[in-house]
Amino acid sequence: MSQAHDIKQEVRKYWKVFVALLILTIVTVAISYLQFGLAVAVMVALSIAMVKGSLVACFFMHLISEKKAIFVLLGFVVFFFLSLMLLIYASYFNLPQGTTYVS
Amino acid sequence: MELMPYIVKERPDTGLFNAKLGIWLFLSSEVMLFGALFSAYVLLRTGAPHWPHGSSILNVPIGAFNTVVLIASSVTMVFSWAALKENKFGKFKLNLGLTILLAFVFLIVKAIEYGAKFEHHLYPKTSTFLAIYFTLTALHALHVIGGIVVNGYFWGPGARMWQAEPERFVNRIEIAGIYWHFVDLVWIFLFPTLYLL
């Protein structure tokens, strides 16, 4: 009885997350029609995507109630993912002499 | 007696059953796979003299529609797991069936999008933007196909396990769900990156 009640509560939570994801999708598309500069547009779009991704991970993938071992594993993932992205940034400081970026 | 330890019950030290640890390890490698391609996208874009705005080449309403389809499929997937927890097998079948159906809708829409590009002679070789667009979306579509195969198995022949080992079956659906939500999560980042920026 108690478990059935818990599941019903969970299902209600999933509906709320679904509505939030739909609203955020509309917001993402709507904001893209505003004439922001590229840097601002990237920050806004990726920030909304991060919020949506967090909602999916926390509630649908049950990360919010997951065990410590999963978070230890994800800590390694974050480290290596950020390292990968920072390597691109580092490449700007390691260009052959005479290389110029054209924009 | 269990054939292998911890396929139903959690290990006392980690608090996880085998498949839960397994799927997260697999998804960790998937993050690096898509992460490598995302970093390639950033490198190509920042190094290009000119880069088209996604919406000038791609159809934003169709991309947004597919985003909603995939989000809806994630919801039906988690509902199918919740239905098993409530002991409602019929509701499980309905929700997992809807998940598979929505996955097919996503692929059909993607195929229509690809077809429209090919009709206009826009191929991966046409530009760097299209090369990375086709690479990222095709890899994602392969993951959708993988999800259809797994979910199709659990909807059909694999569902027999519900009679013999219900707890193990619930675990399997949870694991399949975690994979499916990851596929949704990747698209949540792909859509704005490719279509809106």
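That block above? That's the structure.
These notes cover the structure that comes with them. None of these values were measured; they are calculated from a predicted model.

Considering the environment of Ile-173 of chain B
All names here are of chain B. You can see Ile-173 is positioned in helix H7 (residues 166–196). Sequence separation of Ile-173 and Asn-151 is 22 residues, and the distance between their C-alpha atoms is 8.3 Å. For Ile-173, the residues in contact, after removing those within four places along its chain, are Met-77, Ser-80, Trp-81, Leu-84, Phe-92 and Phe-154.

Quick notes on unusual backbone geometry
Residues and elements named next belong to chain B. At Tyr-6, a position not held by glycine, the phi torsion is positive, near 65°. Relative to the helices and strands, Tyr-6 resides in the segment before helix H1 (18–47). For Tyr-6, a relative accessible area of 29% puts it in the partly exposed group. Non-glycine residue Asn-87 carries a positive phi angle of around 70°. For Asn-87, the location among the structural elements is in the loop between helix H3 (60–85) and helix H4 (89–119). Of the residues examined, Asn-87 reaches a relative accessible area of 59% and is grouped as exposed.

Section: the interface of chain B and chain A
With 49 residues of chain B in contact, the opposing surface of chain A contributes 47 residues. Summed over the shared surface of chain B and chain A, the result is two salt bridges. Among the salt bridges present, the one from Lys-20 of chain B reaches Glu-66 of chain A, with a minimum N-O distance of 2.9 Å. Summed over the shared surface of chain B and chain A, the result is four residue pairs in polar contact (both at pLDDT 80 or more). Every element with two or more residues in the side of chain B that touches chain A is listed here: H1, H3 and H7 of chain B. Ranked by residues supplied to the side of chain B that touches chain A, first place goes to H1 of chain B with 16 residues. When its residues are assigned to classes, the side of chain B that touches chain A shows 31 nonpolar, eleven polar and seven charged.

So, the packing of aromatic side chains
Residues and elements named next belong to chain B. Tallied over the entire structure, the rule returns 26 aromatic pairs over all chains. Relative to Phe-169, the ring of Phe-92 has its centre 5.4 Å away and its plane inclined at 80°; by these criteria the two rings are edge-to-face. Of the two residues, Phe-92 sits in helix H4 while Phe-169 sits in helix H7, which places them 77 residues apart along the sequence. Residues Phe-92 and Phe-169 agree in their burial class; the two are buried. Each ring, one from Tyr-133 and one from Tyr-195, has its centre 6.4 Å from the other, and the planes form 75°; the classification is edge-to-face. Of the two residues, Tyr-133 sits in helix H5 (residues 128–155) while Tyr-195 sits in helix H7, which places them 62 residues apart along the sequence.

Comments concerning the nonpolar core
In this structure, Met-61 of chain A together with Trp-24, Tyr-133 and Phe-169 of chain B are the most contacted members of the largest nonpolar core, which totals 88 residues. Those residues within four positions of Phe-169 of chain B in sequence are excluded, and the remaining contacts are Leu-84, Phe-89, Phe-92, Phe-154, Gly-158, Ala-159, Met-161 and Trp-162 of chain B.

A word on the packing of H3 of chain B against H7 of chain B
Residues and elements named next belong to chain B. Viewed as axis vectors pointing N to C, H3 and H7 meet at an angle of 165°, and their least axial separation amounts to 9 Å. With respect to H7, the element H3 is oriented roughly antiparallel. Along this stretch, H3 crosses H7, giving a crossing that reads as left-handed.

Regarding a nonpolar patch on the surface
All names here are of chain A. A cluster of nonpolar side chains, contributed by Val-78, Leu-82, Leu-86, Tyr-89, Tyr-92 and Phe-93, occupies part of the molecular surface with about 650 Å² of accessible area. With respect to the helices and strands, Val-78 occurs in helix H3 (residues 68–91). On the basis of relative accessibility, which here comes to 47%, the residue Val-78 falls in the partly exposed class.

What to know about the pattern of salt bridges
By the definition in use, this model includes nine salt bridges over all chains. Glu-165 of chain B serves as the salt-bridge partner of Arg-168 of chain B, at 3.3 Å between the closest nitrogen and oxygen. Judged by relative accessible area, Arg-168 of chain B falls into the buried class, the value being 19%. A relative accessible area of 33% means that Glu-165 of chain B is categorised as partly exposed. Each member of the salt-bridge network shares a partner with another, and the members are Lys-8 of chain A together with Glu-86 and Lys-91 of chain B.

The rules we used
Residues numbered from 1 in each chain as written. Chains lettered and ligands numbered in written order. Predicted model: local features only at pLDDT ≥ 70, side-chain atom pairs only at ≥ 80, totals over all residues. Heavy atoms only, no water. Helix = DSSP H or I, 4+ residues; strand = E, 2+ residues; numbered from the N terminus. Contact = heavy atoms within 4.5 Å. Buried < 20%, exposed > 50% of the residue type's maximum accessible area, 1.4 Å probe, protein only. Salt bridge = Lys/Arg side-chain N within 4 Å of Asp/Glu carboxyl O. Polar contact = N/O pair within 3.5 Å; in protein donor to acceptor, adjacent residues only side chain to side chain. Nonpolar A, V, L, I, M, F, W, Y, C, P; charged D, E, K, R; others polar. Phe/Tyr/Trp six-rings, centres within 6.5 Å; stacked < 30°, edge-to-face > 60°. Core = buried A, V, L, I, M, F, W, Y, C linked by side-chain atoms within 4.5 Å. Axes fitted to C-alpha atoms, helices over the stretch in contact; angles between N-to-C directions. Parallel < 35°, antiparallel > 145°, perpendicular 65-115°, else oblique. Left-handed = near helix turned anticlockwise from the far one by under 90°. Patch = residues over 30% accessible without salt bridge, like charges linked within 9 Å, V, L, I, M, F, W, Y side chains within 5 Å. Areas by Shrake-Rupley, 256 points an atom, 1.4 Å probe, with all protein chains shown as cover.

Fair warning: the whole summary comes from geometry, so function is off the table for now.
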